[in-house]
Amino acid sequence: MENTQIELKTTRPPNPIHYELISKLKQALETEKCYLDCNLTLTSLAKKLNTNREYLSSTINHYYNKTYTDLINEYRIKTAIALLENKSNGTTRNRTMLK
């Protein structure tokens, strides 16, 4: 599957307080792929990251320049596109092998 990483949008480096939260968030999204949980909410993700929803939301807004919902949906869309591309490529390969 293709890389589903989403880049930080700010040119300012995260301050040390936010850095830990951003690191945890990136791990939850990129390694654990928590965005695949259709019941994931800002509150449940904040709880998983040991923070509160307001702090998580403001960190996402500030460092990713998007809302929580936009960030989660962007990961979901990138994953769906990668899956469709892989499926499409597999179908093409299978048709070629059958000829």
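Scroll up to find the structure this text is about.
These figures come from a predicted structure and were not determined experimentally. (Residues numbered from 1 in each chain as written. Predicted model: local features only at pLDDT ≥ 70, side-chain atom pairs only at ≥ 80, totals over all residues. Heavy atoms only, no water.)

S.K.: Lay out the side chain of Thr 79 with the relevant residues and their values.
M.R.: Tracing the sequence through the fold places Thr 79 in helix 4 (residues 68–98). When its relative accessible area of 4% is taken as the criterion, Thr 79 is described as buried. A polar contact is formed between the side chain of Thr 79 and the backbone oxygen of Tyr 75, at a distance of 3.0 Å. (Helix = DSSP H or I, 4+ residues; strand = E, 2+ residues; numbered from the N terminus. Buried < 20%, exposed > 50% of the residue type's maximum accessible area, 1.4 Å probe, protein only. Polar contact = N/O pair within 3.5 Å; in protein donor to acceptor, adjacent residues only side chain to side chain.)

S.K.: Any details on the environment of Glu 74? Residues and values, ideally.
M.R.: With respect to the helices, strands and loops of the structure, Glu 74 is situated in helix 4. You can call Glu 74 partly exposed: its relative accessible area is 23%. Distance from Glu 74 to Tyr 35, taken between C-alpha atoms, is 9.5 Å for residues 39 residues apart in sequence.

S.K.: Please provide a residue-by-residue account of the nonpolar core, values included.
M.R.: Ranked by size, the top nonpolar core spans 20 residues in total, and within it Leu 25, Leu 29, Leu 45 and Leu 56 carry the most contacts. For this core, the secondary-structure elements that each account for two or more residues are helix 1 (16–31), helix 2 (42–48), helix 3 (53–64) and helix 4. In this view, Leu 45 contacts Leu 25, Ala 28, Cys 34, Leu 40, Leu 56, Tyr 68 and Ile 72; residues no more than four positions away in its chain are not counted. (Core = buried A, V, L, I, M, F, W, Y, C linked by side-chain atoms within 4.5 Å. Contact = heavy atoms within 4.5 Å.)

S.K.: How would you summarise the side chain of Glu 30 if you had to cite specific residues and measurements?
M.R.: Topologically, Glu 30 is positioned in helix 1. Although buried, Glu 30 forms no salt bridge, and the nearest oppositely charged side chain, Lys 26, lies 4.6 Å from it. Side-chain polar atoms of Glu 30 contact the side chain of Tyr 75, separated by 2.9 Å. (Lys, Arg positive; Asp, Glu negative; His and termini not counted. Salt bridge = Lys/Arg side-chain N within 4 Å of Asp/Glu carboxyl O.)

S.K.: An account of the packing of aromatic side chains is needed here, citing residue identities and associated values.
M.R.: Tallying each qualifying case throughout the model produces 1 aromatic pair. Between Tyr 35 and Tyr 75 the ring centres are 5.2 Å apart and the planes differ by 35°, which places this aromatic pair in the tilted class. Taken together, the residues span a long stretch of sequence, with Tyr 35 in the loop between helix 1 and helix 2 and Tyr 75 in helix 4 at a distance of 40 residues. On the basis of relative accessible area, Tyr 35 is assigned to the buried category, the value being 0%. (Phe/Tyr/Trp six-rings, centres within 6.5 Å; stacked < 30°, edge-to-face > 60°.)

S.K.: Give a detailed account of the pattern of salt bridges, specifying residues and quantitative values.
M.R.: Taken as a whole and judged by the stated rule, the model has 4 salt bridges. Of the charged contacts in the structure, one is a salt bridge between Glu 54 and Arg 53, with a shortest N-O distance of 4.0 Å. With a relative accessible area of 54%, Glu 54 lands in the exposed category. For the salt bridge of Lys 66 with Glu 74, the shortest nitrogen-to-oxygen distance reads 2.3 Å.

S.K.: I'd like to hear about the packing of helix 1 against helix 3, residue by residue, with values.
M.R.: Where helix 1 contacts helix 3, the axes come no closer than 11 Å and their chain directions differ by 90°. Here helix 3 runs roughly perpendicular to helix 1, going by the angle between their axes. Touching Ile 17, His 18, Leu 21, Ile 22, Leu 25 and Lys 26 of helix 1 are Tyr 55, Leu 56, Thr 59, Ile 60, Tyr 63 and Tyr 64, all from helix 3. A class-by-class count of the residues in the contact of helix 1 with helix 3 yields 9 nonpolar, 2 polar and 1 charged. (Axes fitted to C-alpha atoms, helices over the stretch in contact; angles between N-to-C directions. Parallel < 35°, antiparallel > 145°, perpendicular 65-115°, else oblique. Nonpolar A, V, L, I, M, F, W, Y, C, P; charged D, E, K, R; others polar.)

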